[in-house]
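Tertiary structure, described
Listed below are the residues making up each chain.
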Amino acid sequence: MPCPPPSDELVFFVNGRKVIERNVDPEGTLLTFLRKNLRLTGTKYACGGGGCGACTVMVSKNDPVSKKHFSVTACLVPICSLYGTAVTTVEGIGSIKTRIHPVQERIAKCHGTQCGFCTPGMVMSMYTLLRNHPQPSEEQLMEALGGNLCRCSGYRPILESGRTFCMDSDGCQQKRTGQCCLDQEESASSTPGRRNEISTKLFSKEEFQPLDPTQELIFPPELLRMTENPEKRTLSFYGERVTWISPGTLKDLLQLKVKHPEAPLILGNTSLGPTVKSQGQFHPILLSPARIPELSVVTKTSEGLTIGAGCSLAQMKDILAERISELPEEKTQTYQALLKQLQSLAGQQIRNMASLGGHIVSRHCYSDLNPVLAVGNAALNLVSAEGTRQIPLNEHFLAGLESTDLKPEEILESVYIPHSRKGEFVSAFRQAQCQQNALPHVNASMRVLFKEGTDSVEDLSIAYGGVGTTTVCAQKSCQQLLGRRWNELMLDEACRLLLDEVSLPGSALGGRVEFKRTLVVSFLFKFYLEVLQELKKLAKLLSVPDSRRYPDISDRFLSAIKDFSVTTPRGVQTYQSVDSCQPLRDPVGHPIMHLSGLKHATGEAMFCDDIPVVDRELFMVLVTSSRAHAKIISIELSEALELPGVVDVITAEDIPGTNGAEDDRFLAVDEVLCVGQIICAVVAETDIQAKRATEKVKITYEDLEPVIFTIQDAIKHNSFLCPEKKLEKGNVEEAFEKVDQTVEEVHVGGQEHFYMETQRVLVIPKTEDKELDIFVSTQDPTHVQKTVSATLNIPINRITCHVKRVGGGFGGKVGRPAALGAIAAVGAVKTGHPIRLVLDREDDMLITGGRHPLFGKYKVGFMNNGRIKALDVECYINGGCTLDDSEMVTEFLILKLENAYKIRNLRFRGRACRTNLPSNTAFRGFGFPQGTLVTESCITAVAARCGLLPEKIREKNMYKTVDKTIYKQAFSPEPLIRCWNECLDKSSFHSRRTQVDEFNKKNYWKKKGIAVVPMKFSVGFAATSYHQAAALVHIYTDGSVLVTHGGNELGQGIHTKMLQVASRELKIPMSYMHICETSTAAVPNTIATAASIGADVNGRAVQNACQILLKRLEPIIKKNPEGTWEDWIEAAFEQRISLSATGYFRGYKAFMDWDKGEGDPFPYYVYGAACSEVEIDCLTGAHKKIRTDIVMDACCSLNPAIDIGQIEGSFIQGMGLYTTEELKYSPEGILYSRSPNEYKIPTITDVPEEFNVSLLPSSQTPLTIYSSKGLGESGMFLGSSVFFAIADAVASVRRERDIAEDFTVQSPATPEWVRMACADQFTEMIPRDDPKTFKPWSIPIA
Ligand SMILES: Cc1cc2nc3c(=O)[nH]c(=O)nc-3n(C[C@H](O)[C@H](O)[C@H](O)COP(=O)(O)OP(=O)(O)OC[C@H]3O[C@@H](n4cnc5c(N)ncnc54)[C@H](O)[C@@H]3O)c2cc1C
Ligand code: FES
Ligand code: FES
């Protein structure tokens, strides 16, 4: 291979330090450079596609035009693009070793960190905002955080920490509610959580250090000098495969474009980067115009605005906002439409990076700006070595017709956007899975120009995104409507024409075909009304005599044109403070900050993949099946093995011990059962080499029958993973004979865990005795240890698993890490090298499975007064191709199905379907969130049939006195009733119900809905042996204490709670104590940290160990009661008293006899209730969450900040399950939704506008540690209150329109479902395809 010429030096700064790279690889990103070259591991990898914000850093440029500092997602920033910039990472702004930054301090102390994996990204987004605006507005704060995902926290505390910097807030959360916390706290102590009363204070603002902008890192003077005398020379960076060329002048760029016409221009890399990655595109030459000032020029004229193609979308937003403020409204119609789209286009980081030119030239079908630019008659100013020319940004350009496109040697220099004219109206619309930071399903822009003084259409332009392979302009329809008057006749005709012209085949890419067709006309209707409204206003203003000729729009119909605004959520969190008699030093019950909070915020908290490279380490990447059910004919490895850096490929044959179970192989043998099943694993020197080699592994398959994906198909083929589970009481059949009945179906979609830290493991083989050290992100290290032992055929005692912390688990890291650990361990043993295996987001989502989708059928018998007499429910869950936890999930589902209701005659049956999909597994709530949706849907259906409120039916049928469950476990529902009543009371449910009804009467196109759901959630595993736990507590001679226990820190704050327990027991401050990690060498035979019971059982073990130690110390303390802890420890050591103790908790008894249908499977219940109110847009299916009130029975919370965090986080996760998180599978069983762009977990803008959580006061449970309850999972189901509020709004629409009120319940209640359920003239007019005539893009699997 010829040697590339020497590269120029890449010079930039990181955290104030100069970086000079002489051999930079242009294919590298800033994220890899930071993590691997500079070992700055605070910046995290979570998706690699710019969609999650975990890798956010600040880039500063000395650019006179743009903002100096902007947040970017490092995973998309090409390293070569950083020439002459300064990068600031989370490590650069503060450290616990020196000084932490106020942003870091506040996010931690406001309890804004749980697992902490998203925290550095959040910190950097906030920090960048403060660098630009030291006192930002709340809107700016929301905007800055819109591109950062957090899967744990529910965002409220993060926002709250940011709000403490805002100019229009004093950090108080309750100002808008009228009951300020400061007023309430006046009578209380200033310490959060003191005194035996209700507290609303989770942190002390007084502790915060002020923000002092003068303390920030300065822009490096050397860079200032560099940018003042900019380098005009062309810089070239040569890599192994790719050359990066960055010319300093436009002339040089144009000449380079002549020389390399195929080379793309790379600006933001937000379009190029993801396609290179996902479609394997490869460009040997990249031209960077970042240093060409001509591309950033903005020119304002009296006719229009010209914006440089190199301007970022964030800059464009500012430019447009400024121009709008300068010009009369009639001239800024197009600018306003662009600005509206820019407000919801991606997150802040992407808008900072993406350029206008890149956006336009990419011509994505979903582009939010191209439709507006097209209808706004924008023109593209092109330049090449030959000269300049202008082309229109019209349908031909958008369709990529050669004659109207850029020539290969041309570049886009700027975009001209003319002012709108008098009598011209422009609007833009978009509908996505959620309001913000989501690619649109469909967007549109429309422009109309009227003949002066009339309502006769002189010019009309309509363009749509998301309905074709690129933006689609409805030219023909528009032509035919010229000269028409703006009235309903025109509207009808326009709808007909548009549906004809913008036709979408049933098999269209992206699916949702009928929804998209409906949006095509719904958007038009909105535009029609908007314009009509404007025409009427104008006519009135000008006192046009025949202004009455415009059709009247009643106020009821005007609701169609109001958009949902983004507001900053508010809320109150209440809990009962500790007893006033509790000693001051006892931390139990106080809102103590997460032990790792500050380390999360500074990026110093180490996650599995942050462990520095170990000597001789190799990287492993998995090869997975591309077929759903097939025989493996051959696996050809030779091509892969020949690639540079590749060391080996691990197959099933390399496994010395057992290869998983007979029907659940770690590495496939002979047959594959789903797309995504692991077949083999490539081991190479680097991750990139391993990844490339996976593409060269050639596998030949022979397809096998049957191929089953859906629950219906599984039922048809009698394909089940385990026997049916059944519970029954009373006589269902007999009861049905005497009552009204209704039979319904419910479909609940699955859910992806989307823990921010993907699965990862590092296996280090030791030189002696076959020992292995395994560092793994898991909820169950013992399971990993045992599995590796069986796979390698070596005793368990040679294997040590270490878990420092886990970046979110939610059940997804209970079982799966064991298989990954085992495969990596085989690689380690075979090669003799340490092996690192880090799943990328796509693989993680493809391989690891998630929550079981569910199909439920129920028959319910009831009286007219709403009393339910009999209920027969049959549930089927889609288990995927192997058993995994599916049998247990079915059992839990059946056991929990009755929720809060006492129904005399019940029959619950459940089955787990075997399908050819990746195996589904444990997920927060373990069947409860899916199953109980069936029960609650049944209540809603009964209410509809009886003409009563669902809440009435709920109340009527709820357990009221001490009773027994369907499986005959005795319990008292008193806390349930209290939660329910408090929730109704705190949410002012009844008065708000009336207000909702009033609103609905007044508004036709927007409807509100409100719902309250009760919850009885059983905690724990249904087996006694799973309720044991152990702990090991060492006291060292300096008095410091090391606590180790069997629980894993997943973000749920278990370590913090354990030290609170130890501190109370040993009567010493938490600062004396430390938890290092969970290690199978320190505490053996641990149980998975799951089922909400981790803190409880491990807390008992820690308590036991501490009590043993204290007992040993008692004689010494008695002898010297005035002595210090250190004195006593020293004396104990002198007296040869062991300062180390093992604590053990023998566990709650739990059993279930399935033959008899009886048992005591759960130690205790958590009760709660949630009330949510929403507003829906009937024309788009969008919804806005107005308010949620949760009351939860936590009894005596060990740590109210942590517990409230768990409730909020799980509620938001549940809300995602029931509203936006939608898995899409191809008809071949391939999971499409494999990135945050395709799978929408809630973002900060999805949090209810008002979000109140209160812990039920004066509640006790004698069973658990210090009378606390485990709250890890229960809040998940309460997210369904949002679902039922949406369903309530939809029901009100259907009632008003005389459409059957009982409709098939389908979760998630996506905009698609809502829109199609709100049937109207537009849903009626769309063409419907016969399902037999086309192959759909995706198939439903529930
Ligand atoms: C996470 C994420 C979310 C997103 N969300 C949305 C969304 O909600 N709505 C939406 O509309 N878009 C969205 N996008 C897409 C985004 O708007 C585009 O990727 C972006 O605008 C492209 O700009 P860029 O500078 O990054 O282009 P690059 O990736 O740098 O370049 C893209 C292409 O444009 C060409 N090009 C660039 N500049 C010029 C020029 N001056 N002359 C000629 N050719 C040029 C290049 O050759 C290249 O082929 C999202 C992207 C990401 C990553
Ligand atoms: S890892 Fe970069 S945005 Fe997700
Ligand atoms: S704390 Fe945000 S992802 Fe875990």
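Residues numbered from 1 in each chain as written. Chains lettered and ligands numbered in written order. Predicted model: local features only at pLDDT ≥ 70, side-chain atom pairs only at ≥ 80, totals over all residues. Heavy atoms only, no water.

An unreviewed UniProt entry annotates the chain as aldehyde oxidase originating from Otolemur garnettii. The record held by UniProt for the chain lists under Catalytic activity (unreviewed entry) the comment "an aldehyde + O2 + H2O = a carboxylate + H2O2 + H(+)". Quoted verbatim from the Sequence similarities (unreviewed entry) field of the UniProt record, the comment on the chain reads "Belongs to the xanthine dehydrogenase family." (UniProt positions renumbered as here; feature names shortened; annotations may be inferred.)

Among the 35 residues in the neighbourhood of ligand 1, the closest are listed as Thr270, Leu272, Ser355, Asp368 and Leu412. At a separation of 2.7 Å, an oxygen atom of ligand 1 approaches a polar backbone atom of leucine 272. Taking 980 Å² as the accessible area of ligand 1 by itself, protein coverage stands at 95%. Elements represented by at least two residues in the shell around ligand 1 include exactly helix H14 (356–362) and strand E14 (411–418). Here the shell around ligand 1 takes 5 residues from H14, the largest share from any one element. Of the residues in the shell around ligand 1, the class split is 19 nonpolar, 14 polar and 2 charged. (Near = heavy atom within 4 Å. Polar contact = N/O pair within 3.5 Å; in protein donor to acceptor, adjacent residues only side chain to side chain. Areas by Shrake-Rupley, 256 points an atom, 1.4 Å probe, with all protein chains shown as cover. Helix = DSSP H or I, 4+ residues; strand = E, 2+ residues; numbered from the N terminus. Nonpolar A, V, L, I, M, F, W, Y, C, P; charged D, E, K, R; others polar.)

Turning to the sheet that holds strand E2 (residues 17–21), a few remarks are in order. If you walk across this open sheet you meet the 5 strands as E2-E1-E5-E3-E4, and the pairing is mixed. Lying at the two open borders of the sheet, with one neighbouring strand each, are E2 and strand E4 (69–73). Neighbour-to-neighbour, the strand axes of the sheet open up by a mean angle of 35 degrees, direction not taken into account. Across 3 bridges, strand E3 (residues 56–60) lies against strand E5 (residues 86–88) in antiparallel orientation. Looking at E5, one finds that valine 59 is bridged to valine 87. Along the sheet, helix H1 (residues 30–37) contacts strand E1 (10–14), E2, E3 and E5; its crossing angle with E2, the most-contacted strand, is approximately 105 degrees. Those strands touched by helix H4 (residues 119–132) are E3, E4 and E5, and its axis lies near 30 degrees from that of E3. (Pairing = 2+ DSSP bridges. Axes fitted to C-alpha atoms, helices over the stretch in contact; angles between N-to-C directions. Contact = heavy atoms within 4.5 Å.)

Quick look at the UniProt feature "binding site: [2Fe-2S] cluster 1" (unreviewed entry) in the chain now. UniProt records the feature "binding site: [2Fe-2S] cluster 1" (unreviewed entry) at Cys47, Cys52, Cys55 and Cys75, using the numbering of this structure. Across 29 residues, the annotated set stays spatially compact, with a maximum C-alpha separation of 10.2 Å. Topologically, cysteine 47 is positioned in the loop between H1 and E3. Among residues more than four places away in sequence, those in contact with cysteine 47 are Cys52, Lys277, Arg841, Glu842 and Pro1236. Tracing the backbone shows cysteine 75 in the loop between E4 and E5. Judged by relative accessible area, cysteine 75 falls into the buried class, the value being 9%. Once you skip the residues sitting within four places of it in the chain, cysteine 75 turns out to touch Thr29, Leu31, Gly48, Gly49, Gly50 and Cys55. (Buried < 20%, exposed > 50% of the residue type's maximum accessible area, 1.4 Å probe, protein only.)

This part covers the packing of aromatic side chains. A full pass over the atoms with the stated rule returns 32 aromatic pairs. Centre to centre, the rings of phenylalanine 1211 and phenylalanine 1251 are 5.3 Å apart; their planes meet at 40 degrees, and the pair counts as tilted. Note that phenylalanine 1211 is positioned in helix H37 (residues 1200–1219) and phenylalanine 1251 in strand E47 (residues 1250–1255), a separation of 40 residues in sequence. Against the face of phenylalanine 1162 rests lysine 896, its NZ or CZ located 5.2 Å from the ring centre. We note lysine 1016 situated over the ring of phenylalanine 971; from NZ or CZ to the ring centre the distance is 5.3 Å. (Phe/Tyr/Trp six-rings, centres within 6.5 Å; stacked < 30°, edge-to-face > 60°. Lys NZ or Arg CZ within 6 Å of the ring centre and 35° of its normal.)

With that settled, consider helix H39 (residues 1280–1296). Given a rise of 1.5 Å per residue, 17 residues ought to cover 24 Å, and the 24 Å separating the end C-alpha atoms of H39 matches this to within 8%. Aspartate 1298 sits one or two residues past H39 and shows a positive phi near 60 degrees. (Expected span 1.5 Å × (residues − 1).)

Residues given the UniProt feature "active site" (unreviewed entry) here are Glu1273. For glutamate 1273, the location among the structural elements is in the loop between E47 and helix H38 (1275–1278). Filtering out sequence-adjacent residues up to four positions away, glutamate 1273 remains in contact with Arg924, Gly925, Phe926, Phe1017, Ala1091, Ser1092 and Ser1210. A polar side-chain atom of glutamate 1273 sits 2.7 Å from a polar atom in the side chain of serine 1092.

Taken together, the 3 strands give an open sheet; going across it, the order is E7-E8-E9, and neighbouring strands pair in mixed fashion. Because the sheet does not close on itself, it has two edges, and the strands there are strand E7 (235–238) and strand E9 (285–287). In this sheet, adjacent strand axes meet at a mean angle of 15 degrees when their direction is disregarded. Bridging between E7 and strand E8 (residues 243–246) involves 4 bridges; their strand directions are antiparallel. In the sheet register, tyrosine 238 faces E8, and the bridge partner there is threonine 243.

Let us look at the nonpolar core. One finds Tyr464, Trp486, Ile774 and Ile1176 to be the most contacted residues of the largest nonpolar core, which totals 294 residues. Top contributing element to this core by residue count: helix H19 (residues 513–541), with 15 residues. Those residues in contact with tryptophan 486 that sit more than four places away from it in its chain are Val448, Phe450, Asp455, Val457, Phe527, Tyr528, Val531, Leu532, Leu535 and Pro551. Within the second largest apolar cluster, 74 residues are counted, among which are Val87, Leu327, Leu342 and Ala354. (Core = buried A, V, L, I, M, F, W, Y, C linked by side-chain atoms within 4.5 Å.)

A few words now on the packing of helix H26 (residues 781–792) against helix H27 (residues 816–831). Contact geometry for H26 and H27: axes closest at 8 Å, N-to-C directions at 45 degrees. It follows that H26 is oblique to H27 by the angle criterion. The crossing of H26 and H27 is right-handed. On H27, the residues that touch His783, Val784, Thr787, Val788, Thr791 and Leu792 of H26 are Pro817, Ala818, Gly821, Ala822, Ala825, Val826 and Val829. Residues of the contact of H26 with H27, tallied by class, amount to 9 nonpolar, 4 polar and no charged. (Parallel < 35°, antiparallel > 145°, perpendicular 65-115°, else oblique. Left-handed = near helix turned anticlockwise from the far one by under 90°.)

All right, on to the packing of H4 against helix H5 (residues 138–145) then. Contact geometry of H4 with H5 gives a least axis separation of 9 Å together with a crossing angle of 140 degrees. When the interaxial angle is binned, H4 and H5 end up oblique. Taken as a pair, H4 and H5 cross one another with a handedness that is right-handed. Contact residues: Met122, Ser125, Met126 and Leu129 in H4; Gln140, Leu141, Ala144 and Leu145 in H5. For the contact of H4 with H5, the residue count by class is 6 nonpolar, 2 polar and no charged.

The next subject is the pairing of strand E32 (residues 854–862). Counted residue by residue, E32 has 7 buried out of 9 residues, so it is predominantly covered. Where strand E27 (residues 740–748) meets E32, 9 bridges bridge the pair, whose relative direction is antiparallel. Each residue of the ladder has a partner; that of valine 746, found in E32, is glycine 856. Pairing geometry for E32 and strand E33 (residues 868–878), over 9 bridges, is antiparallel. Across the sheet, the residue bridging to phenylalanine 862 is isoleucine 868, located in E33. Once E32 ends, the chain turns through 5 residues before running back antiparallel as E33, passing glycine 866 with a positive phi of about 95 degrees.

We now examine the environment of leucine 721. Position of leucine 721 among the secondary structure elements: in the loop between helix H24 (711–716) and strand E26 (725–729). Judged by its relative accessible area of 11%, leucine 721 falls in the buried class. With 659 residues separating them in the primary sequence, leucine 721 and asparagine 62 have C-alpha atoms 62 Å apart. With near-sequence residues (within four places) excluded, leucine 721 lies in contact with Gly879, Gly880, Cys881, Thr882, Leu883, Ser886, Ala912, Cys913 and Arg914.

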